[in-house]
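Examining the three-dimensional arrangement
One letter stands for each residue in the lines below.
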Amino acid sequence: MERIRTPEAMRAWADARRAGGARIGLVPTMGYLHAGHVSLVRIAREAGSEAVAATIFVNPMQFGPGEDFEKYPRDEARDLGMLEAAGVDAVYLPGAGEMYPEGHRTFVEVTGVSQGLCGAARPGHFRGVATVVAKLFLASKPHVAVFGKKDYQQLAVIRAMNRDLDFGIEIVGAPIVREGDGLAMSSRNVYLSGEDRIAARCLSRGLFRAKELFGKGERDAGTLVGASRREIETEPRVKMEYAEGRDPDTLAPLTGRVDAVTILVAAKVGRTRLIDNITLGKESGGDAS
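Residues numbered from 1 in each chain as written. Predicted model: local features only at pLDDT ≥ 70, side-chain atom pairs only at ≥ 80, totals over all residues. Heavy atoms only, no water.

**Side note on the sheet that holds strand E3 (residues 51–56)**
We count it as follows: The rule for pairing is simple: two strands pair if DSSP sees at least two bridges between them. A run of H or I in DSSP becomes a helix once it reaches four residues, and a run of E becomes a strand once it reaches two; helices and strands are each numbered from the N terminus. Helix axes are fitted only over the stretch in contact, all axes being lines through C-alpha atoms; the angle between N-to-C directions runs from 0 to 180 degrees. In what follows, residue pairs with any heavy atoms lying within 4.5 Å of each other are defined as contacts.
What the six strands build is an open sheet, ordered E1-E4-E3-E2-E5-E6; its pairing is parallel. Strands with a single pairing partner mark the edges of an open sheet, and in this sheet they are strand E1 (2–4) and strand E6 (170–174). Strand-to-strand twist in this sheet, taken as the mean axis angle between neighbours without regard to direction, amounts to 25°. Both strand E2 (residues 24–29) and strand E5 (residues 144–148) contribute to a ladder of two bridges, which runs parallel. Bridge pairing in E5 places Leu26 opposite Ala145. Where helix H7 (residues 152–164) meets the sheet, its contacts fall on E5 and E6, and the angle it forms with E6 comes to roughly 170°.

**With respect to the packing of helix H1 (residues 7–19) against helix H6 (residues 125–140)**
What counts, and what does not: Working rule for angles: under 35 degrees goes down as roughly parallel, over 145 as roughly antiparallel, 65 to 115 as roughly perpendicular, anything else as oblique. Amino acids outside the nonpolar list (Ala, Val, Leu, Ile, Met, Phe, Trp, Tyr, Cys, Pro) and the charged list (Asp, Glu, Lys, Arg) are all regarded as polar, and Gly is one of them.
Contact geometry for H1 and H6: axes closest at 7 Å, N-to-C directions at 50°. Here H1 is positioned oblique relative to H6, judged by the angle of their axes. Taking contact as the criterion, the partners of Pro7, Met10, Arg11 and Ala14 in H1 are, on H6, Leu138, Ala139 and Ser140. Among the residues forming the contact of H1 with H6, the class breakdown is five nonpolar, one polar and one charged.

**Let's talk about a positive patch on the surface**
Going by this rule: A patch consists of residues whose relative accessible area exceeds 30% and which take part in no salt bridge; residues with like charges are grouped when within 9 Å of each other, and nonpolar side chains (Val, Leu, Ile, Met, Phe, Trp, Tyr) when within 5 Å. Note on areas: Shrake-Rupley with a 1.4 Å probe; residue coverage comes only from the protein chains shown. Salt-bridge detection follows one rule: a side-chain nitrogen of Lys or Arg within 4 Å of a carboxyl oxygen of Asp or Glu. Counted as positive: Lys and Arg. Counted as negative: Asp and Glu, with His and the chain ends omitted from the count. Charge positions are represented by NZ for Lys, CZ for Arg, CG for Asp and CD for Glu.
Positive charge collects at one region of the surface, where Lys71, Lys239, Lys268 and Arg271 lie side by side. Following the sequence through the fold, Arg271 ends up in the loop between strand E8 (261–269) and strand E9 (272–280).

**Description of unusual backbone geometry**
Note: most residues except glycine have negative phi, and most peptide bonds are trans. To keep it simple, the criterion reads: When accessible area is computed with a 1.4 Å probe and restricted to protein chains, residues below 20% of their type maximum are described as buried, those above 50% as exposed, and intermediate ones as partly exposed.
In the Ramachandran plot, Tyr32 falls in the positive-phi region, its phi being about 50° despite a non-glycine side chain. Tracing the sequence through the fold places Tyr32 in the loop between E2 and helix H2 (35–46). Exposure remark for Tyr32: the relative accessible area of 22% places this residue in the partly exposed category. Not every positive phi belongs to a glycine, and Lys141 is a case in point at roughly 50°.

Keep in mind that these numbers describe shape and distance, not what the molecule does.
What follows is the structure, given as structure tokens:
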């Protein structure tokens, strides 16, 4: 497994693979990997990638003032071991100086799908996400890129950017991987301990409650979202940020009767901000775009 530190070296790696006729798959991460990240590597292979590259970069541009950039968990040696075991061919590990050299003045902003939800709570976050992903795409030149659906709004932003800027990359959304008790896997789960870890299960319980109602025939978006919210709010250690029903493809707010809806939730458990979501009904846009 090759370890690559600069954009120039990453482009050279990608050019060589393309010249040899290989289909390149990309798995962007911020490191501190878990089983969900490893599943993205497998899905990249299943999407026909003969060469899979992963990236590890904790992107300062997507963290706001007072957020956890400095304390975000990092363990490069552990991550590299996991990626090598998963069969990754190359890992791109740029530093902040390589990604944002002195004089950097260019940013990517996706309007529409970036508004509301996490975009409201974290101003500038999705500008940082879109900018760094664009740079990762340009360096690694993938045919396919895989992102987890846990960050559902992020996935929508990346799909919109890919379409609007003509990257021509197949974007694959990978299913959420959960702990045995339902909690969505996240690098930030390391912040949870004791009673907070137990309390965090309420997010998935709320979503599964909506799924139960949907399975019994309930189709009113407000009723489904309200059931999720009420279940989450029964946990006193949790401070609700939002629970909303959105169109699975466009993220437009939904009310009234629906055939499909994505319910997205965010809450603070102690000092840790967690997000989760579930899609009920058929996703008309599929998993790739």
